[in-house]
Amino acid sequence: ILLNDLIFKLLLNRGVLSGRQIAQEICLPIKILEKVLQDLKNQMLLGHRSTTSLNDFTYHLTEEGRKKAVIARSASAYIGAAPVPFDEYLKSVDNQSIIKESPSYDDLKRAFNDLVLEPSIIETLGPALNSGRGVFLYGNPGNGKTSIAKRIYKCFREEIYIPKTLLIEGQLIKLFDPQCHEPTGHSDKNPTSYDQRWIHIKRPAVIVGGEMELSSVEINHNPTTNLCEAPMQLKANCGIFVVDDFGRQRIKPEDLLNRWILPLEKRIDFLTLPNGIKVRVPFDELVIFCTNIDPKNLLDEAFLRRIPYKIKVQDPSPGQFGQIMNFLAPQYGVECDDSTIAYILERHFKGKRPMRCCHPRDILDQVVNAAAYKRTQPVLSQDLIDFACMSYFTAMESVH
């Protein structure tokens, strides 16, 4: 019935399509659809408009078929790939679990090759990623916690398949989300090599910030279209889920973690469908919390125990500050030497303010922008450095 309804709604929307075009839209092989289309024709719900090559036909709705299509559309506005049954999805998550990958030191070095990090950060992150459990990245703002978190998915080499749409207890749930899932292009290169109801993607990297609400971790049902959107943690399965700026969400930290006590500990979650049925779903992801607040000031011991890895991202040392400046300067088309770095540190940091990992980048930004305004080549001269730091730090200090 579901397949018939998809065909009815598709033809109601498009008018006339060949059998192969219908198969392409619904993501099922034409060999499977041929019998279905013939049965619908025999029931006088579809008619032939004309013949095409390769023994195909073009189809249109009969008057009776149009009535069926209108009823189907009123029940659900969904048109697209035939949904994947939930039990098939469960098998896929188990086969592609994030814990089945074991990132090595070389994998982490490759993922973070554009960041200057203390060796201890990588050494601590390695076991955390291999565990597939929760991680806290904490420390002062501007030291790269978010930059680290956003690159963690690159540590995992394998790519995975996910369904475009799920069928759970009669409910259609859209799973594929272009904002969270990056297709590999394999689907376009080999369109007949696998089940087209699935899409080949890099391991997911779902990132949420201060806009996160408790509703985003529940199934979102649209009563007008009768379609459901998968919650963020379901989209993150077999990948990573980053909660950025944790502690500043619209929901209290304890409310979120109360909701996730079981998932974090048992790697399973329970979701409520629009029809009231509760379903058990996998919680197969590495959850990363980034925060400027010391975790012990946010949560009690019971919560912290469920997030076993806590990694403090420290302020850079003068040597690391110099490393970052030397690493970034060529990207800005600017020359930098030891005397320049020594001047920046002595004139603008020593005894005045703590260093942050973002400062070299932000100072270079200011220098390049000032040079562009003055129609000169960007140079780390003392005048431009002083101008950049005066503008940058005065504004920040006036806020604080």
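Structure shown above.
Calculation rules
Residues numbered from 1 in each chain as written. Predicted model: local features only at pLDDT ≥ 70, side-chain atom pairs only at ≥ 80, totals over all residues. Heavy atoms only, no water. Salt bridge = Lys/Arg side-chain N within 4 Å of Asp/Glu carboxyl O. Helix = DSSP H or I, 4+ residues; strand = E, 2+ residues; numbered from the N terminus. Buried < 20%, exposed > 50% of the residue type's maximum accessible area, 1.4 Å probe, protein only. Patch = residues over 30% accessible without salt bridge, like charges linked within 9 Å, V, L, I, M, F, W, Y side chains within 5 Å. Areas by Shrake-Rupley, 256 points an atom, 1.4 Å probe, with all protein chains shown as cover. Lys, Arg positive; Asp, Glu negative; His and termini not counted. Charge placed at Lys NZ, Arg CZ, Asp CG, Glu CD. Core = buried A, V, L, I, M, F, W, Y, C linked by side-chain atoms within 4.5 Å. Contact = heavy atoms within 4.5 Å. Pairing = 2+ DSSP bridges.

## Describing the pattern of salt bridges
Within this structure, the stated rule accounts for 21 salt bridges. Arg-157 serves as the salt-bridge partner of Asp-107, at 2.7 Å between the closest nitrogen and oxygen. Of this pair, Asp-107 sits in helix H6 (residues 105–111) while Arg-157 sits in the loop between helix H8 (145–151) and strand S6 (159–163), and the two are 50 residues apart along the sequence. Taking the shortest distance from any N to any O, the salt bridge between Glu-229 and Lys-235 comes out at 2.7 Å. For Glu-229, a relative accessible area of 25% gives the class partly exposed. Residues joined by salt bridges that share partners form a network here, namely Glu-88, Asp-195 and Arg-197.

## Quick word on a negative patch on the surface
Residues Glu-254, Asp-255, Asp-300 and Glu-301 make up a contiguous surface patch of negative charge. Looking at the secondary structure, you find Asp-300 in the loop between strand S16 (285–291) and helix H13 (301–305).

## Structural notes on the nonpolar core
Within the largest apolar cluster, 27 residues are counted, with the highest numbers of intra-cluster contacts made by Ile-7, Leu-11, Ile-22, Ile-26 and Leu-46. Those elements that provide at least two residues to this core are helix H1 (2–14), helix H2 (19–26), helix H3 (30–42) and strand S3 (57–61). The element best represented in this core is H1, accounting for 6 residues. Beyond its immediate sequence surroundings of up to four residues, Ile-7 is in contact with Ile-22, Ile-26, Leu-33, Val-36, Leu-37, Leu-40 and Leu-46.

## Side note on the pairing of strand S5 (residues 135–138)
Along S5, one buried face is formed by Val-135 and Leu-137 and the opposite face, lined by Phe-136 and Tyr-138, is buried too. Of the strand pairs in this sheet, S5 and S16 are connected by 4 bridges, and their pairing is parallel. Bridge pairing in S16 links Val-135 to Ile-288. Here S5 pairs with strand S17 (residues 309–312) via 4 bridges, running parallel. The residue of S17 that forms the bridge with Tyr-138 is Lys-312.

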